[in-house]
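What follows is the residue order along each chain.
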Amino acid sequence: TELDRKTRRRTEFDFDLWGEENNQGAEAQNKGKKGIDNSWIEKETKVHTDTWTSKHRPKEGLKRNQKSKTLLPAVEVPHPGQSYNPALADHQDILWKAAMVEIDKEKEQLRIERLTTGMFPKKSDAPNEETYFKEMAVGIPELGGEQPED
């Protein structure tokens with residue numbers, strides 16, 4: 001049995017070997033517990049240790065507002081159809097949305113053209129002196145105008 005105790009090895013590690021809560025060593029148990037006299041440790045040493053173990057926060061860091069000043073999210077998540085290898089339904093959905101945007105742009109362009117360029121006649125169809133005279137002479141036979149039919 002003496003030989004068995006010397007050669008016995010732990011085969012199940014159901015705890016965190018380096019975790020702070022589960023350390024079984026005497027040093028780990030004494031470290032950080034209240035009631036232990038830490039007066040012999042200088043403040044500079046404590047700050048140095050806390051800095052390298054990510055526990056130290058400077059005074060100015062405590063005053064700093066950690067919240068973002070913007071209401072927008074940091075990065076907008078893209079549509080699933082825009083990935084490198086999207087699912088067919090996602091890809092078709094994003095294509096449909098893109099097509100609708102382009103159709104709306106085209107409709108708006110045609111509306112602007114209809115309300116500006118299309119509203120006015122071309123230069124060849126625009127009224128000139130001759131067409132103006134014919135229009136004003138309608139009903140006056142002496143000027144060669146046509147008689148309106150009554």
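Rules of the game
Along each chain, residues carry numbers from 1 onward, in the same order as the chain's sequence is written. Reporting in this predicted model follows two pLDDT cut-offs: at least 70 for local features of residues, and 80 or more for side-chain atom pairs to be given and counted; totals over whole chains, interfaces and linings ignore these cut-offs and use all residues. The side-chain quantities take in all heavy atoms of the structure and omit both hydrogens and water. Each helix is a run of H or I in the DSSP string that is no shorter than four residues. Each strand is a run of E no shorter than two, and both are numbered from the N terminus. Whether a residue is buried, partly exposed or exposed follows from its accessible area with a 1.4 Å probe, protein chains only, as a fraction of its type maximum: under 20%, in between, or over 50%, in that order. In short, Shrake-Rupley with a 1.4 Å probe defines the accessible areas, and a residue's cover is counted only from the protein chains shown. Nitrogen and oxygen atoms within 3.5 Å of one another constitute a polar contact, given that in protein one can donate a hydrogen and the other can accept it, and given that sequence-neighbouring residues count only through two side-chain atoms. Contacts between residues were defined by any pair of non-hydrogen atoms, one from each residue, lying within 4.5 Å. Here a patch means residues that are over 30% exposed by relative accessible area and free of salt bridges, tied together within 9 Å if like-charged and within 5 Å if nonpolar (Val, Leu, Ile, Met, Phe, Trp, Tyr). What counts as a salt bridge is simple: a side-chain nitrogen of Lys or Arg found within 4 Å of a carboxyl oxygen of Asp or Glu. Confidence scores labelled pLDDT are given residue by residue by the predictor and lie between 0 and 100.

### A look at the overall build of the protein chain
Per the secondary structure count, the protein chain includes six helices and zero strands. Scanning the protein chain from its N terminus toward the C terminus, one meets helices and strands in the order α-α-α-α-α-α. Classification of the 150 residues of the protein chain by burial places 5% in the buried group. Here the protein chain displays about 15500 Å² of accessible surface, and carbon together with sulfur accounts for 55% of that area.

### Structural notes on helix 6 (residues 129–136)
Little of helix 6 sits out of view: just zero of its eight residues are buried. In this structure asparagine 128 caps helix 6, since a side-chain oxygen of it lies 3.3 Å from the backbone nitrogen of glutamate 130.

### What about the environment of proline 86?
The topology assignment puts proline 86 in the loop between helix 4 (59–63) and helix 5 (88–115). With relative accessibility at 24%, the residue proline 86 sits in the partly exposed group. Beyond its immediate chain neighbours, meaning those up to four positions away, proline 86 contacts Pro80, Gly81 and His91.

### Description of a nonpolar patch on the surface
A cluster of nonpolar side chains, Leu115, Met119 and Phe120, forms an exposed patch at the surface whose accessible area comes to about 330 Å². Along the polypeptide, methionine 119 turns up in the loop between helix 5 and helix 6.

### Comments concerning the pattern of salt bridges
If charged atoms from side chains of opposite charge come close, those side chains can pair. Enumeration according to the criterion identifies four salt bridges in this entry. With its nearest N and O atoms 3.6 Å apart, the salt bridge here joins aspartate 93 to lysine 97. Of the two residues, aspartate 93 and lysine 97 are both situated in helix 5; the distance of four residues between them amounts to about one turn of the helix. Residue class for aspartate 93 comes out partly exposed when judged on its relative accessible area of 32%. As a salt-bridge pair, glutamate 102 and lysine 105 come within 3.6 Å of each other at their nearest N and O atoms. Highlighted residues: glutamate 102 and lysine 105, both in helix 5, separated by three residues, approximately one helical turn.

### A closer look at the confidence of the model for the protein chain
Atomic detail in the predicted coordinates should be set aside for any region of low pLDDT. Here the protein chain averages 78 in pLDDT, and 75% of its residues register 70 or above. The least confident element of the protein chain is helix 2 (residues 26–30), whose mean pLDDT is 44; the most confident is helix 5, at 95. Taken as a whole, residues 22–30 scores under 50 in pLDDT and shows eight contacts with residues more than four places along the chain or in a different chain.

### Comments concerning the side chain of histidine 79
Tracing the backbone through its elements, the reader meets histidine 79 in the loop between helix 4 and helix 5. On the basis of relative accessible area, histidine 79 is assigned to the buried category, the value being 19%. Side-chain polar atoms of histidine 79 contact the backbone nitrogen of glycine 81, separated by 2.9 Å. Side chain to side chain, histidine 79 and aspartate 93 meet in a polar contact 3.0 Å long. Once you skip the residues sitting within four places of it in the chain, histidine 79 turns out to touch Asp90, Asp93, Ile94 and Lys97.

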